[in-house]
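Residue-level structure breakdown
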Amino acid sequence: MNAVTTLTEDQLALAEVTLDFAQEQLAPHAVAWDQAKHFPVDVIRRAASLGLGGVYVREEHGGSGLTRSDGVLVLETLATGCPSIAGYLSIHNMVAWMIDRYGDAAQRRRWLPSLCTAATLGSYCLTEPGAGSDAAALRTRAERDGEHYVLTGVKQFISGAGAAGVYVVMARTGESGSGGISAFVIEREDPGVSFGPNEHKMGWNAQPTRQVVLDGVRVPADRRLGAEGDGFRIAMNGLNGGRLGIAACSLGGAQSALDRSLAYLADREAFGARLLDAQALQFRLADMATELSAARALVRTAAEALDRADPQGAQLCAMAKRFATDTGFAVANEALQLHGGYGYLSEYGIEKIVRDLRVHQILEGTNEIMRVIVARGLTEALR
């Protein structure tokens, strides 16, 4: 991985430990997991034993207490081994952070210890069949009934669904629009919770993606996260970090594709010379490396902004997510081309990276929505 900013000694040590894990525990199995559609929960728990199950959770609540700047370094490094597993860990850590940040003391005690060890996995439930980019139009309802809420609705495209034990669910408790949404913590064993079939996907096959169906799920009022009407704000603040995580995963997957391309071109000969000695191909590699370095710089700038609660943090996270995921996919796709026909074969691992990184341009807010966020920030002062 090419550094674009100076890393501290602690960050260098963190990157080294994470890279060892990615190379030993993820990379050798990534293609097989993809082909078998296997979700390696045991490996995720091994990652958690290194502190990667509660990256942003405060230490007094069982987490590692790391910054967003640390987190993007961790997720980029993990993704060099498998973007699909790194992507799920980004989501799991988003859920744990939301409970740590917005939960009360009893909620933190109840859920954070097992989330941080990955004994329990977490899923984030915002998207619905009829509410994707227009998340504020969600229709899942949470009706107050005395000291309980009754939740009814369907959540779509939920990573980890079925395997996860804890679900942070956004549901409507009030009027239409964003102000009527509240956040709840639902458990897999709650009566009325069920799951759709595992979706057949282009990529991210090493983790399940299913509907979460809530059919009159009755939970006590202490399952609400934050105040009534705060759910949309909680969801969006969670997504700021989630967008950085997915951006970082794109960087890691693309860096792996670039590294493999360098090795392949160094080994492959054509017309009596190494392909790596062809200046035309060197220029393509140079562009890939330059674009990745630029994307990495923007991701780290956005992470630093989020760490210091910069008012422009959300806008910078949207910029970083859009730019890094577009760049990551473009670099991986170029790596496939540089491998020729071999890049199209599953055993080389390049086509899996391409498939995995494609969805990063869609989830955690499509890149079109990222442009909306950036444009809104630019034009707000002129309204």
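Along every chain, residues carry numbers that run from 1 in the direction the sequence is written. For a predicted model such as this one, the threshold for reporting local features is a pLDDT of at least 70, and the threshold for listing and counting side-chain atom pairs is 80 or more; totals across whole chains, interfaces and linings nevertheless cover every residue. No hydrogens and no water enter the side-chain calculation; it runs on all heavy atoms of the structure.

Helix and strand assignments come from DSSP, with helices taken as H or I runs of at least 4 residues and strands as E runs of at least 2, each series counted from the N terminus. Helix and strand counts for the protein come out as 11 helices and 10 strands. Throughout, the radius of gyration refers to the C-alpha atoms, and the reference size of a globule is 2.2 Å times the residue count to the power 0.38. Against the compact-globule benchmark of 21 Å for 383 residues, the protein has a radius of gyration of 21 Å, which places it among compact chains. Along the first, second and third principal axes, the C-alpha set of the protein runs to 80 × 50 × 40 Å. Buried means the residue's accessible area, taken with a 1.4 Å probe over protein chains only, is under 20% of the maximum for its type, while exposed means over 50%, and partly exposed covers the values in between. Burial statistics for the protein: of 383 residues in total, 53% are counted as buried. Sequence-distant contacts, at least 24 apart, represent 75% of the contacts inside the protein between residues at least 6 apart. Under the convention used here, a 1.4 Å probe and the Shrake-Rupley method define accessible areas, while residue burial counts only the protein chains that appear. When the accessible surface of the protein is totalled, it reaches about 16,100 Å², and 52% of it is carbon and sulfur. In this charge count, Lys and Arg are treated as positive and Asp and Glu as negative; neither His nor the chain ends contribute. Note on charges: their place is set at NZ of Lys, CZ of Arg, CG of Asp or CD of Glu. In the protein, which carries 37 positive and 44 negative side-chain charges, the distance between the mean positions of the two groups comes to 5 Å. By the convention used here, residues are in contact when the closest approach between their heavy atoms is within 4.5 Å.

What follows deals with the pairing of strand β1 (residues 122–125). Burial along β1 is two-sided: Gly122 and Tyr124 and Ser123 and Cys125, pointing in opposite directions, are all buried. With four bridges joining them, β1 and strand β4 (residues 166–172) adopt parallel strand pairing. If you follow Gly122 over to β4, its bridge partner there is Val166. Following DSSP output, two strands are said to pair if at least two bridges run between them.

Note on terminology: pairs of cysteine sulfur atoms within 2.5 Å are recorded as disulfides. All told, the structure shown has zero disulfides when counted by the stated rule. Note on Cys125: no disulfide assigned, nearest cysteine sulfur contributed by Cys116 at a separation of 19 Å. Under the relative-accessibility criterion, Cys125 is labelled buried at 0%. Free of any disulfide, Cys317 has its nearest neighbouring cysteine sulfur in Cys249, separated by 14 Å. Using a relative accessible area of 0% as the deciding quantity, one classes Cys317 as buried.

Centres within 6.5 Å are what make two rings of Phe, Tyr or Trp a pair, Trp counting through its six-membered ring; a difference in plane orientation under 30 degrees is then read as stacked, over 60 as edge-to-face, and the rest as tilted. For the structure on display, the rule yields six aromatic pairs. With a centroid separation of 5.8 Å and an interplanar angle of 90°, the aromatic rings of Trp97 and Tyr102 are classed as edge-to-face. Exposure remark for Trp97: the relative accessible area of 16% places this residue in the buried category. Here Tyr102 falls in the buried class, since its relative accessible area comes to 12%. A centroid spacing of 5.3 Å and a plane angle of 50° characterise the contact between Tyr342 and Tyr348, whose relative ring orientation is tilted. According to the relative accessible area criterion, Tyr342 is partly exposed, its value standing at 34%. A relative accessible area of 30% means that Tyr348 is categorised as partly exposed. Three or more aromatic residues link up through ring pairs in this structure, and these residues are Tyr264, Tyr342 and Tyr348. Counted as over-ring charges are cases with an Arg CZ or a Lys NZ within 6 Å of the ring centre that also lie within 35 degrees of the ring normal. Note that Arg68 overlies the ring of Trp97, its terminal NZ or CZ placed 5.0 Å from the centroid.

Moving on, we come to the packing of helix α4 (residues 68–79) against helix α8 (residues 279–307). Packed helices, taken two at a time, are described by the angle between their axes plus the distance between the axes. The axes are straight lines fitted to the C-alpha atoms, using for helices just the contacting stretch, and the angles between their N-to-C directions are given from 0 to 180°. It is at 7 Å that the axes of α4 and α8 come closest, and there the two elements cross at 145°. For the pair α4 and α8, the contacting residues are Arg68, Ser69, Val72, Leu73 and Glu76 in the first and Arg296, Val299, Arg300, Ala303, Glu304, Leu306 and Asp307 in the second. Classification used: nonpolar for Ala, Val, Leu, Ile, Met, Phe, Trp, Tyr, Cys and Pro, charged for Asp, Glu, Lys and Arg, polar for all others including Gly. Residues that form the contact of α4 with α8 fall into these classes: five nonpolar, one polar and six charged.

Quick look at the nonpolar core now. Among buried residues, the Ala, Val, Leu, Ile, Met, Phe, Trp, Tyr and Cys ones that are joined through side-chain atoms within 4.5 Å form a nonpolar core. Counting residues in hydrophobic clusters, the biggest one holds 112 residues, and the most contacted among them are Leu26, Leu78, Ile99, Tyr124, Leu151, Met170 and Ile186. Broken down by element, the residue count for this core peaks at 14 residues, all from helix α7 (residues 231–267). Residues in contact with Leu26, not counting those within four places in the same chain, are Phe21, Trp33, Val43, Leu78, Gly81, Cys82 and Ile85.

It is worth spelling out the pattern of salt bridges at this point. Salt bridge, as used here: a side-chain nitrogen of Lys or Arg that lies within 4 Å of a carboxyl oxygen of Asp or Glu. Summed over all chains, the structure comprises 20 salt bridges. In this structure, the salt-bridge partner of Arg355 is Asp34, at a minimum N-O distance of 2.7 Å. Note that Arg355 is positioned in helix α10 (residues 350–358) and Asp34 in helix α2 (residues 30–36), a separation of 321 residues in sequence. By relative accessible area, Asp34 is classed as buried at 5%.

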